[in-house]
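Structure at a glance
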Amino acid sequence: MTTDPQPVAASGASPETERLLARIRAGEKGCFLELIQPYARSIYLVANSILKNREDAEEVAQETVFRAFQRLDQLRDIGSLKSWLLQIAVNEARQRLRHRQRHPCVSLDEEFGDEAQVMPRQLADWREIPSVTLERKETREHLRRALERLPPHYRQVFLLRDVQHLAEKEAAQVLGVSASTVKMRLHRARLQLREDLAPVFRKRWKDRLSALWSKS
Amino acid sequence: MISCEHVIHELSSYIDGDSDPELRQAIERHLRGCRRCSVVLDSTRKLLLIYGDEDVLEVPAGYFERLRTSFLARVSR
Ligand SMILES: [Zn+2]
């Protein structure tokens, strides 16, 4: 039994995932939710990175899950489930964006001129950031807003690479751009975010003082 | 000695381990002598740690439940 060749769609799948796939194929539609559950959050965040609107992003997430269910037989490798789902989310979100803007001709891949390299200006050390700080509502608001202030293309790349941890190739595929474009946008996104958040995370005199005290 | 501009330009690749070994060494030499670039590197790494923690960006309350309800309603039609 175990020596049977595996169907393509199940290569590298955990036994748990294979059981889920089998149940979905057998008509237990609700099992699809379990299959995508680990990525539900990512789907929303990616949609929101394009739409910057909670209600729209949520509707796109719902649409994405339904579409993915309908097209499950097109998924070639269960190992790429995450990037496959995110690609559907990106397409759905872009479609909605076009609709919302009512300018179907606006290119979504419009370049913003190849601006000269921005040299970092915020040069203060950052403090260590304990997880309690990250749990604070205020900190999360800062992080969310900084991300929203990024130009859309930078934001999407940053979200896929540094928040969702997709590989460069996967991010390129999901967004329909080249790997070198992903690299360039990611670099700029990181520098810009760093600049933007430096006032929030830089060492304050209080931190420096306590560091001095702990040394003595 | 490579310039600060060069180091900053390569920063992202350096963090991702994509720079070729020779350049990598040149960057490391530069960093030992340049506090400014060291701070930029260190803070960028901290930035990535912060955002890399999956739960730091929130989804709206009730999102998962609404996703579930909408899916079940649509597939049972
Ligand atoms: Zn330097």
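The rules behind the values
- Residues numbered from 1 in each chain as written.
- Chains lettered and ligands numbered in written order.
- Predicted model: local features only at pLDDT ≥ 70, side-chain atom pairs only at ≥ 80, totals over all residues.
- Heavy atoms only, no water.
- Helix = DSSP H or I, 4+ residues; strand = E, 2+ residues; numbered from the N terminus.
- Buried < 20%, exposed > 50% of the residue type's maximum accessible area, 1.4 Å probe, protein only.
- Contact = heavy atoms within 4.5 Å.
- Areas by Shrake-Rupley, 256 points an atom, 1.4 Å probe, with all protein chains shown as cover.
- Donors = N, O, S within 2.8 Å, 3.2 Å for Na, K, Ca; no water.
- Tetrahedral: all angles 85-135°; square planar, octahedral: opposite > 155°, others 65-115°.
- Core = buried A, V, L, I, M, F, W, Y, C linked by side-chain atoms within 4.5 Å.
- Domains from an automatic or database assignment.
- Buried area = accessible area lost by both parts, 1.4 Å probe.
- Salt bridge = Lys/Arg side-chain N within 4 Å of Asp/Glu carboxyl O.
- Polar contact = N/O pair within 3.5 Å; in protein donor to acceptor, adjacent residues only side chain to side chain.
- Nonpolar A, V, L, I, M, F, W, Y, C, P; charged D, E, K, R; others polar.
- Expected span 1.5 Å × (residues − 1).
- Arc of directions from axis to C-beta.

1. A look at the overall build of chain A
Per the secondary structure count, chain A includes eleven helices and zero strands. In chain A, the order of α-helices and β-strands from amino to carboxyl end is α-α-α-α-α-α-α-α-α-α-α. Sorting the 216 residues of chain A into buried and exposed places 45% on the buried side. Considering only intrachain contacts with a sequence separation of at least 6, the fraction spanning at least 24 residues in chain A is 69%. Only carbon and sulfur atoms are counted for the fraction: they give 52% of the accessible area of chain A, which is about 12,000 Å².

2. Some remarks on the coordination of the zinc ion
Residue and element names in this part refer to chain B. For the zinc ion, the full set of protein donor atoms is C4 (SG), H30 (NE2), C34 (SG) and C37 (SG), and the range of their distances to it is 2.0 to 2.4 Å. Around the zinc ion, the four donor atoms are arranged such that angles at the metal cover 107 to 111°; this shape is classified as tetrahedral. Summarised as a motif, the one-chain spacing of the donors to the zinc ion is C-x25-H-x3-C-x2-C.

3. Considering helix α8 (residues 152-163) of chain A
One full turn of an α-helix is made of 3.6 residues, so residues set three or four places apart face in the same direction. Residue and element names in this part refer to chain A. A large share of α8 lies buried, amounting to eleven of its twelve residues. Every buried residue of α8 is accounted for by H153, Y154, R155, Q156, V157, F158, L159, L160, R161, D162 and V163. Positive backbone phi, approximately 55°, marks H165, located one or two places after α8.

4. A short note on the nonpolar core
In terms of nonpolar packing, the biggest core is built from 89 residues, with F32 and F158 of chain A together with Y51 of chain B touching the most fellow members. Ranked by the residues each element gives to this core, the list is headed by helix α5 (residues 81-101) of chain A, at nine residues. When residues are assigned to domains, this core turns out to be shared by domain 1 (12-112) and domain 2 (118-216) of chain A, each giving three or more. F158 of chain A has contacts with L147, V163, L186, A189, R190 and L193 of chain A together with L47, L48 and Y51 of chain B, leaving out every residue within four places of it along the chain.

5. Examining the interface of chain B and chain A
The interface of chain B with chain A comprises 40 residues on the first partner and 52 residues on the second. The junction of chain B with chain A conceals about 4,500 Å² of combined surface from both sides, 62% of it contributed by carbon and sulfur atoms. Per-residue buried area on chain B facing chain A is highest for Y51, L57 and F71 of chain B; these three make up 16% of the total on that side. Counting the contacts that link chain B with chain A gives nine salt bridges. For R74 of chain B, the salt bridge goes to E63 of chain A, with nearest N and O atoms at 2.9 Å. Here chain B is connected to chain A by 17 residue pairs in polar contact (both at pLDDT 80 or more). If you list the elements that add at least two residues to the side of chain B that touches chain A, you get α1 (4-15), α3 (35-52) and α4 (63-75) of chain B. Residues that form the side of chain B that touches chain A fall into these classes: 20 nonpolar, seven polar and 13 charged.

6. Here's the deal with the domain arrangement of chain A
Residues and elements named next belong to chain A. Taken domain by domain, chain A consists of domain 1 (12-112) and domain 2 (118-216). At the interface, 17 residues of domain 1 touch 16 residues of domain 2. When domain 1 packs against domain 2, close to 1,700 Å² is buried across both sides, 52% of that on carbon and sulfur atoms. Summed over the shared surface of domain 1 and domain 2, the result is zero salt bridges. The interface formed by domain 1 and domain 2 contains six residue pairs in polar contact (both at pLDDT 80 or more). Of all the secondary structure elements, the ones that give two or more residues to the side of domain 1 that touches domain 2 are α3 (40-51) and α5. By residue number, the principal contributor to the side of domain 1 that touches domain 2 is α5, which donates six residues. Taken together, the residues of the side of domain 1 that touches domain 2 break down into seven nonpolar, four polar and six charged.

7. Considerations on helix α2 (residues 21-33) of chain B
All names here are of chain B. Here α2 contains 13 residues, and its C-alpha end-to-end distance of 19 Å stays within 8% of the 18 Å for a straight helix at 1.5 Å per residue. Within α2, burial applies to L23, A26, I27, H30 and L31. Buried residues of α2 fall within an arc of 140° about the axis and therefore sit on the same side. In α2, those exposed residues whose orientation departs by more than 90 degrees from the buried face are P21, E22, R32 and G33.

8. Looking at unusual backbone geometry
Residue and element names in this part refer to chain A. The backbone of K52 shows a phi angle near 50°, a positive value even though the residue is not glycine. With respect to the helices, strands and loops of the structure, K52 is situated in the loop between α3 and α4 (54-70). Residue K52 is classed as partly exposed on the basis of its relative accessible area, which comes to 43%.

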